[in-house]
Amino acid sequence: MPEYDNATIGGMLDDFGDLLEIAGADRYRTLSYHKAAHAIRAWDEDITRTAAEGRLGEIPGVGAKLGAVISSIIARGSFPEFEEVAQSLPASITELMRVSGVGPKKAKALYEERGVASVNDLAEALEEGRLEGLPGFGAKTIDNVRAGIERYRAISARMLLADALPLAERLAASLDELPVVEAASLAGSIRRMKETVGDVDVLVASRDPAAVMEAVRLLPMVTSVVASEETKTSVLTASGRQADVRVVAPESWGAALQYFTGSAGHNVRLREIAKARSLKISEYGVFDATGSRVAGATEEDVYAVLGMPLMPPEIRENTGEIDLALRGELPELVTAGDIRGDLHSHTPATDGKSSLEKNRQRAAELGYEYLGCSDHAYDLRMVGGLDLSQLEEQWDEIDTLNALGDGPVLLKAIELNIDDEGGVDYPHDVLARFDYCIASLHHGFGQPREKATQRLLRAMENPYVDIIGHPTGRLLGRREPFDLDMEAVVAKAAETGTALELNAHPERLDLNDVHLRLARKAGVSICISTDAHDATHFSFLKWGVATARRGWIGPADVLNAQPLDVLVARLKRNRR
DNA sequence: GCCGTTTTCGGCCCGACTGTTTTCAGTCG
């Protein structure tokens with residue numbers, strides 16, 4: 001049987017919820033599938049284990065029925081309700097709903113009246129004029145659907161946060177400079193620092209929306225205007241990415257910023273809480289039963305009137321943050337300023353571009369107290385992994401640079417390669433000579449869960465493996481992560497005192513937010529490392545910090561937020 | 001289908017736009 005992970009099961013429940021909606025089921029029933037899907041994605045335990053232990057009911061939004069559905073999926077890959085609906089409707093038609101302008105009713109009509117069962121079918125039917133005369137599909141709707149298909153195809157390829165954010169920040173900053181603009185900010189998933197984003201949302205406070213819209217259309221970075229209305233303009237930027245700029249009145253600024261930042265699930269929870277207190281919250285403000293505004297100008301006010309402190313955008317994902325905020329127990333989140341050094345960098349001795357000296361100089365500019373030099377170990381032959389004599393050469397260079405006195409302390413480290421049995425490149429007597437060792441998986445990506453997991457567990461049992469590098473091995477949009485039992489990995493890290501890396505490379509961001517929350521709960525140390533292969537890569541730190549914050553990681557959890565003596569004392573080899 | 005600071009039954013988030021609706025359903029964010 002294939003293994004079902006949380007994301008897969010969440011996806012299946014989402015698809016089924018859409019299918020039910022098309023079939024015309026009660027909308028609260030369909031909503032419950034979507035709610036459960038979200039909760040399962042955020043569930044930081046392997047759901048097959050939760051199921052095996054009979055604890056599915058602990059997942060918010062999962063009751064008796066959904067528990068049975070999930071168990072059925074795990075046992076046999078499907079469930080009776082799905083099979084029943086799939087007899088009358090092909091499962092593929094849920095894809096139609098991803099096209100802007102097509103909802104459940106139109107999707108159903110497209111399938112039943114024209115046999116359209118996928119976005120490709122839809123594009124074809126459109127070309128051939130086969131949608132003429134279909135009720136609900138007038139000329140304008142057809143135009144909208146045509147544009148929707150293009151947008152769907154463009155956004156399916158999501159953009160890395162690191163590619164989208166600089167441009168988005170420039171866009172917001174240039175609007176902020178306009179005299180008619182009182183405030184400008186990013187909103188949506190890019191403000192929440194999600195690792196990938198579909199499009200860019202920018203919010204502006206102004207009394208003169210027309211002037212703002214005009215200015216947006218004329219910005220140099222705008223290559224074309226998709227649509228421009230009174231308070232909203234959509235443009236394509238040089239990157240080909242769509243940005244939506246919205247204008248709101250200054251008295252609604254905070255409410256609108258809160259609203260458009262989301263996430264959707266977070267907003268729904270907030271509105272439920274507001275309602276229970278006889279308040280109504282919308283993008284215009286928070287209103288009491290008499291309809292008078294009680295908050296809205298700032299985000300602080302909106303949260304305060306609901307009894308919460310201002311919520312950092314990165315954690316607004318409806319994964320328990322609201323309950324913590326209500327109890328005044330929001331976790332302290334790490335900031336870039338807390339970071340005292342980088343523990344993972346490479347030099348030209350293996351596959352790095354910048355010399356040890358140059359890396360050290362850059363680390364000094366960043367105000368770091370220490371820098372870990374961690375080139376690849378011997379077994380990674382393709383990048384020229386170091387043998388003992390090369391290591392001794394590097395150690396001499398480190399000693400020489402450290403003797404200069406000023407600047408960050410260079411640490412003698414290594415990135416070990418974990419072999420098929422969980423072993424590493426050097427014997428213990430060599431490993432003992434490093435200040436610390438990182439061990440990483442570099443091959444065997446297709447291995448079954450049991451095998452890949454065992455490799456990591458065995459590596460962590462080595463007393464000289466202090467840190468596991470880029471634990472899941474994913475490359476966003478390019479390579480799937482190793483299939484790992486992350487609970488077992490985290491448990492072993494906690495048991496052995498091994499730290500887990502949060503690799504800050506924008507294509508990795510590995511561990512992800514869900515894994516980080518799991519590690520935090522288990523008390524595992526995290527090191528936020530850039531894995532710099534060039535001195536310019538130390539700036540990747542911000543992506544790692546953003547992801548750490550999404551994972552509720554605080555400065556105390558972060559190994560490289562500690563002063564050098566504390567860091568050294570917390571290394572596995574020095575704890576025993 | 002879920003769930004309890006009004007509730008174990010009757011609710012379940014809000015506001016706006018769009019088009020083909022002649023009074024509002026469908027869709028979106």
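Residues numbered from 1 in each chain as written. Chains lettered and ligands numbered in written order. Predicted model: local features only at pLDDT ≥ 70, side-chain atom pairs only at ≥ 80, totals over all residues. Heavy atoms only, no water.

**Considering the domain arrangement of chain A**
Consideration 1: By domain assignment, chain A separates into domain 1 (6-156), domain 2 (159-248), domain 3 (260-326) and domain 4 (336-575).
Consideration 2: Here the C-alpha centre of domain 4 lies 37 Å away from the C-alpha centre of domain 2.
Consideration 3: Listed by partner, the interface residues are 10 residues for domain 2 and 10 residues for domain 4.
Consideration 4: In terms of surface lost to domain 4, no three residues of domain 2 exceed Leu160, Met193 and Glu195, which account for 57% of the buried area on that side.
Consideration 5: Inspection of the region where domain 2 meets domain 4 yields 1 salt bridge. (Domains from an automatic or database assignment. Contact = heavy atoms within 4.5 Å. Buried area = accessible area lost by both parts, 1.4 Å probe. Salt bridge = Lys/Arg side-chain N within 4 Å of Asp/Glu carboxyl O.)

**Focus on the layout of surface pockets**
Consideration 1: In this structure, the second largest pocket spans a volume of roughly 360 Å³.
Consideration 2: The wall of the second largest pocket is formed by 21 residues, among which His442, His470, Arg479, Arg508 and His533 lie closest to the centre.
Consideration 3: Grouping the constituent residues of the lining of the second largest pocket by class yields 6 nonpolar, 8 polar and 7 charged. (1 Å grid on protein atoms, 1.4 Å probe; cavity = no way out; pocket = protein on both sides within 12 Å on 5 of 7 lines; lining within 4 Å. Points joined across faces, edges and corners; volume = space filled by probe spheres on them. Nonpolar A, V, L, I, M, F, W, Y, C, P; charged D, E, K, R; others polar.)

**Re the confidence of the model for chain A**
Consideration 1: Summarising the model, chain A shows a mean pLDDT of 91, and 99% of its residues fall at 70 or more.
Consideration 2: Considering each helix and strand of chain A separately, the mean pLDDT is smallest for helix H8 (residues 139-156), with a value of 82, and largest for strand S17 (residues 526-529), with 98. (pLDDT = per-residue confidence, 0-100. Helix = DSSP H or I, 4+ residues; strand = E, 2+ residues; numbered from the N terminus.)

**Comments concerning the sheet that holds strand S13 (residues 409-417)**
Consideration 1: Taken together, 7 strands build an open sheet; the order of strands is S11-S12-S13-S14-S15-S16-S17 and the sheet is parallel. In this open sheet, the two edge strands, each paired with only one partner strand, are strand S11 (341-342) and S17.
Consideration 2: Direction of pairing for strand S15 (residues 467-468) relative to strand S16 (residues 499-503): parallel, over a ladder of 2 bridges. Bridge pairing links Ile467 to Ala499 in S16.
Consideration 3: Running at roughly 150 degrees to strand S12 (residues 370-373), helix H16 (residues 356-365) makes contact with S12 and S13 of the sheet. (Pairing = 2+ DSSP bridges. Axes fitted to C-alpha atoms, helices over the stretch in contact; angles between N-to-C directions.)

**Concerning the pairing of strand S6 (residues 232-237)**
Consideration 1: Here strand S5 (residues 222-228) runs beside S6; their pairing, made up of 5 bridges, is antiparallel. Across the sheet, the residue bridging to Ser228 is Thr233, located in S6.
Consideration 2: With antiparallel pairing between neighbouring strands as the criterion, S5 and S6 make up a hairpin whose turn holds 3 residues.
Consideration 3: As judged from the 5 bridges shared by S6 and strand S7 (residues 242-248), these two strands associate in the antiparallel manner. Along S7, the bridge assignment pairs Leu236 with Gln242.

**Remarks on the protein's contact with DNA strand B**
Consideration 1: Surveying the vicinity of DNA strand B reveals 36 residues, the closest of which are Gly101, Gly138, Tyr259, Arg271 and Lys275.
Consideration 2: Counting only atoms of DNA strand B within 4 Å of the protein, the sugar-phosphate share comes to 75%.
Consideration 3: Take Arg29: an N or O atom from its side chain is 3.0 Å from a phosphate oxygen of DNA strand B.
Consideration 4: Here a phosphate oxygen of DNA strand B sits 3.4 Å away from a polar atom, N or O, in the main chain of Ala276.
Consideration 5: At the level of elements, helix H2 (27-42), helix H4 (64-76), helix H6 (104-114), H8, helix H13 (264-276) and strand S8 (280-282) are the ones that each hand at least two residues to the surface near DNA strand B.
Consideration 6: Of the residues that constitute the surface near DNA strand B, the class distribution is 15 nonpolar, 10 polar and 11 charged. (Near = heavy atom within 4 Å. Polar contact = N/O pair within 3.5 Å; in protein donor to acceptor, adjacent residues only side chain to side chain.)

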